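# Inside the fold
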Amino acid sequence: MLCICEKPKQAKMIAQAFPHRDKKGYIEVLPCEQFREGGIITYCIGHILELAPAESYGPYGSWSLEDLPILPQKFILKVTESKKQQYQIIKRFVHDTSKNLQTIVHAGDIGREGEGLILEALLHMGNKKPVKRLWTNSLTKSSVEKAFKNLRDIHATTYTPMYWEFLARQHSDWILGINMSRCISILLNNIGIRDNSGGFSVGRVQDVLANIVYRREKEIASFKSSPYWDVYGHFKIGKHSYTGKWFLDKDDHLFNQTQATALGDFCKGKSSYIYSVDKDKKEVRPPQFYNLTNLQAEVNKRIGLSPAEVLKVAQELYERSLISYPRSEPKHVTPEEAKMFPKIMDNLGKLPEYAPLLKEPLRDISSDKRYVDESKTDDHYAIILTEDPADLSSLSKNELFVYDLIARSMIAAHYDNAIFNHSEIITVVEGDFTFKSTGKQLQHEGWRVVFRKNEKEGNRSPDENGDSVTILPPVEQGETGVCESTSLIEGKTTSPKRFTQGDLVKIMENAGAYLSEVEKEGFKNSELSIGTVATRAGIISQVLNKKYIRVEKNHIFLEPKGEILIQSLKGVNYLTSPVTTGKMEQFLAQIGSGRGDYIKDYHRFVQRTKDITTEIIELTIESSKSWSFDSALEDLQASVEMGPCKICDGKVVDRGTFYGCSNYHTNKCEFSIQKRLSGKELSSANIGALLERGTTSLIKGFKKKNKEGTFDAFLVWDENEKRIKFNFNGVPQKKVKK
């Protein structure tokens, strides 16, 4: 039996589920009595294949609008350059005819990408052996053993619906991305905006996210702060004193200082009575278990890790069999997982960090629908601890933090509710002016004690409101008294807040909340998601790496390059609206569910993408005739300005692979400096010095043309010849030892 995994640690954990093994690099031969074949070989496959570039389908090496759209009839796969040797080894096993290698076990991640990566490779290798699917949310020994006893069949002719979903996503994103990236880049280049920081990449999910940040940036830029004044009344009712804030209907600010002062002066010393007293006891249930989105948002909020970093940490914990599969959407588990809760609590009770929280008998939550509900799970379930005990001393700081969050969420679920007393007093002055007093008192701590101990480390209670120190007096409706004094507190309206990276994953999960009813076209907020729970961290990283946005102190800022991208796509809402990607994700999910004819649905989906791509290329070319990027272009150039042009009065700016004159699009100045010269990467400091002073400092390690040695030199600007030259200035050349 040949068992193929995605990652080395997965192979290791699967191997450890069986008692005997001989390790040979990545390959592990596991004698195993459970299988007649006599043994298992596990091998890591990773991203061993990739879609071939556009040049593989025709003479598309040089970018031209006339070549668009590029619409392959059949997609070509190529072996990833760094994985060629690995590919051949796996292929040799796939075609091995020995008795022990009659069956292949697919042990990829239990998601769209994990499903597709391995099946795609097996098809590419010409596999003819039966394939079984290992399906497990946990890599503990018992879970892997159980999964091996319940292997799923995969039909070699059509494979699985999830595989066709993987192909539909992969092929449609290639069509949109390749064509629109070329289209936008060519059109921008035609007006002098050349590739910068890796070029202008276009895609159906990254553009939607960039557009959401763009819209927030515009809201912040257009916001004008206004001062306001809050009027507080300080009341004496019988023996009791308390404070209330003026309000009228939904307004509690006054935007005219004169009016606020007059109101405060009028109310001083005036008779007052209590219009109403509302008291309410509210019970707050323990928080639900984490899914990946909530875990990423919570960790980012507490200690600032990016969603990608949180996923990486969670993956490490999963591959060490300490938590369940992390790329999970549900917040519930099935009754089968709930059977493990006593063992998990027993393990935690043996750790000094959690033992004090587990002294009392715990509540049985096996039938509590807030946590255990099979109808609210899919092939995955909430992120919980496994039944394997943890050695906390072996965890890194970040691993420990994430493990602790998950552990406390599980402990808290076994506690009773927290109970708060809420109270509200409405006081009326002179029969006309109303003041509101609110109070909140924690009566019973309940599950909140689980988080209280670790507040200094950042693992505070997920209850956002926290505790209030305001305790209102025991007054009754109708009681009378006086407004002894008033006070004014000045404030000002604040602009919409910048998103954090944690906000972005929540927004991507529920992007419809950021659209108007007209834009949503009748969709529910939950139906308009960006990406999947498994891909959102990667999408954020992609938008960051393309320099469309940047992060400063965990706050998201739109970059000039991102503004140019979104402005260039304004005539093509298809690529910037959550409605588009939401509809696509719904259709992809339908393919993966296998509810219909998923092969026909795949072909329909890809053909629809081709039709839309053809249409939006035409729309983009037409809309480009009215493009204007004056302010964004100035910001872009200012952000990468290196110094004065040596030929004209322009500024030399970063153009990606070279530095060029900003006046290229006005006077066609062709002054440029390649970033890499004679095999040496030129630093921005040296470029700046060359432009300002006409010479760099000594640069070491230029390669000779014959590649047999290196030399050191200064770079200088020759004013007579109007070009850059080497100046050795007596510096001896060095020969590299062979």
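To start, this report covers the structure provided alongside it. (Residues numbered from 1 in each chain as written. Predicted model: local features only at pLDDT ≥ 70, side-chain atom pairs only at ≥ 80, totals over all residues. Heavy atoms only, no water.)

### Things to note about the overall build of the chain
In terms of helices and strands, the chain carries 22 helices and 27 strands. Once the C-alpha set of the chain is aligned to its principal axes, its extents read approximately 100 × 80 × 55 Å. Counting only residues that meet the buried cut, the chain has 52% of its 738 residues in that class. Sequence separation of at least 24 residues holds for 71% of the intrachain contacts in the chain that already meet a minimum separation of 6. Of the roughly 35,600 Å² of accessible surface on the chain, a fraction of 49% belongs to carbon and sulfur atoms. Here the chain contributes 104 positively and 96 negatively charged side chains, and the mean placements of these two sets differ by 6 Å. (Helix = DSSP H or I, 4+ residues; strand = E, 2+ residues; numbered from the N terminus. Buried < 20%, exposed > 50% of the residue type's maximum accessible area, 1.4 Å probe, protein only. Contact = heavy atoms within 4.5 Å. Areas by Shrake-Rupley, 256 points an atom, 1.4 Å probe, with all protein chains shown as cover. Lys, Arg positive; Asp, Glu negative; His and termini not counted. Charge placed at Lys NZ, Arg CZ, Asp CG, Glu CD.)

### Regarding the packing of helix H8 (residues 292–303) against helix H9 (residues 307–319)
At a closest axis distance of 9 Å, the pairing of H8 and H9 adopts a crossing angle of 115 degrees. Crossing of H8 over H9 shows right-handed handedness. Across from Leu 292, Leu 295, Gln 296 and Val 299 in H8, the residues of H9 making contact are Pro 307, Val 310, Leu 311 and Ala 314. Taken together, the residues of the contact of H8 with H9 break down into seven nonpolar, one polar and no charged. (Axes fitted to C-alpha atoms, helices over the stretch in contact; angles between N-to-C directions. Left-handed = near helix turned anticlockwise from the far one by under 90°. Nonpolar A, V, L, I, M, F, W, Y, C, P; charged D, E, K, R; others polar.)

### Observations concerning the side chain of Gln 206
Mapped onto the elements of the fold, Gln 206 is located in helix H6 (residues 206–222). A polar side-chain atom of Gln 206 sits 3.2 Å from a polar atom in the side chain of Gln 542. Apart from residues lying up to four places away in sequence, Gln 206 is in contact with Ser 201, Ile 539, Gln 542, Val 543 and Tyr 548. (Polar contact = N/O pair within 3.5 Å; in protein donor to acceptor, adjacent residues only side chain to side chain.)

### Remarks on the packing of aromatic side chains
One pass over the structure, following the stated rule, counts 22 aromatic pairs. Relative to Phe 728, the ring of Phe 711 has its centre 5.7 Å away and its plane inclined at 65 degrees; by these criteria the two rings are edge-to-face. With Phe 711 in strand S25 (residues 709–718) and Phe 728 in the loop between strand S26 (723–727) and strand S27 (734–735), this pair connects stretches of sequence that are 17 residues apart. Judged by its relative accessible area of 8%, Phe 711 is buried. You can call Phe 728 partly exposed: its relative accessible area is 31%. Lys 675 extends its terminal NZ or CZ atom over the ring of Tyr 659, reaching a point 5.2 Å from the ring centre. (Phe/Tyr/Trp six-rings, centres within 6.5 Å; stacked < 30°, edge-to-face > 60°. Lys NZ or Arg CZ within 6 Å of the ring centre and 35° of its normal.)

### Examining the packing of H6 against helix H16 (residues 536–545)
Relative orientation of the contacting elements H6 and H16 amounts to 70 degrees, with a least axis distance of 9 Å. With respect to each other, H6 and H16 are oriented roughly perpendicular. At the point where H6 passes H16, the crossing takes the right-handed sense. In this structure, H6 contributes Gln 206, Leu 209 and Ala 210 to the contact, and H16 contributes Ile 539, Ile 540, Gln 542 and Val 543. (Parallel < 35°, antiparallel > 145°, perpendicular 65-115°, else oblique.)

### Here's the deal with H6
With 17 residues, H6 should reach 24 Å at 1.5 Å per residue; the first-to-last C-alpha distance of 24 Å fits that figure. Within the sequence span of H6, burial applies to Gln 206, Asp 207, Val 208, Leu 209, Ala 210, Asn 211, Ile 212, Val 213, Tyr 214, Arg 216, Glu 217 and Ile 220. (Expected span 1.5 Å × (residues − 1).)

### Side note on the nonpolar core
Of all hydrophobic cores here, the largest spans 87 residues; its most connected members are Leu 122, Met 180 and Leu 504. The dominant element in this core, judged by the number of residues it contributes, is helix H5 (residues 161–190), at 13 residues. In this view, Met 180 contacts Val 202, Leu 569, Leu 575, Ile 616, Ile 617 and Thr 620; residues no more than four positions away in its chain are not counted. Residues Leu 292, Ile 365, Ile 383 and Trp 447 belong to the second largest nonpolar core, which totals 74 residues. (Core = buried A, V, L, I, M, F, W, Y, C linked by side-chain atoms within 4.5 Å.)

### Considerations on the side chain of Asp 601
Along the polypeptide, Asp 601 turns up in helix H19 (residues 598–623). With relative accessibility at 5%, the residue Asp 601 sits in the buried group. For Asp 601, the side chain forms a polar contact with the side chain of Gln 590, separated by 3.5 Å. A distance of 2.9 Å separates a polar atom in the side chain of Asp 601 from a polar atom in the side chain of Arg 604. Excluding anything up to four places from it in sequence, Asp 601 contacts Phe 587, Gln 590, Ile 591 and Gly 596.

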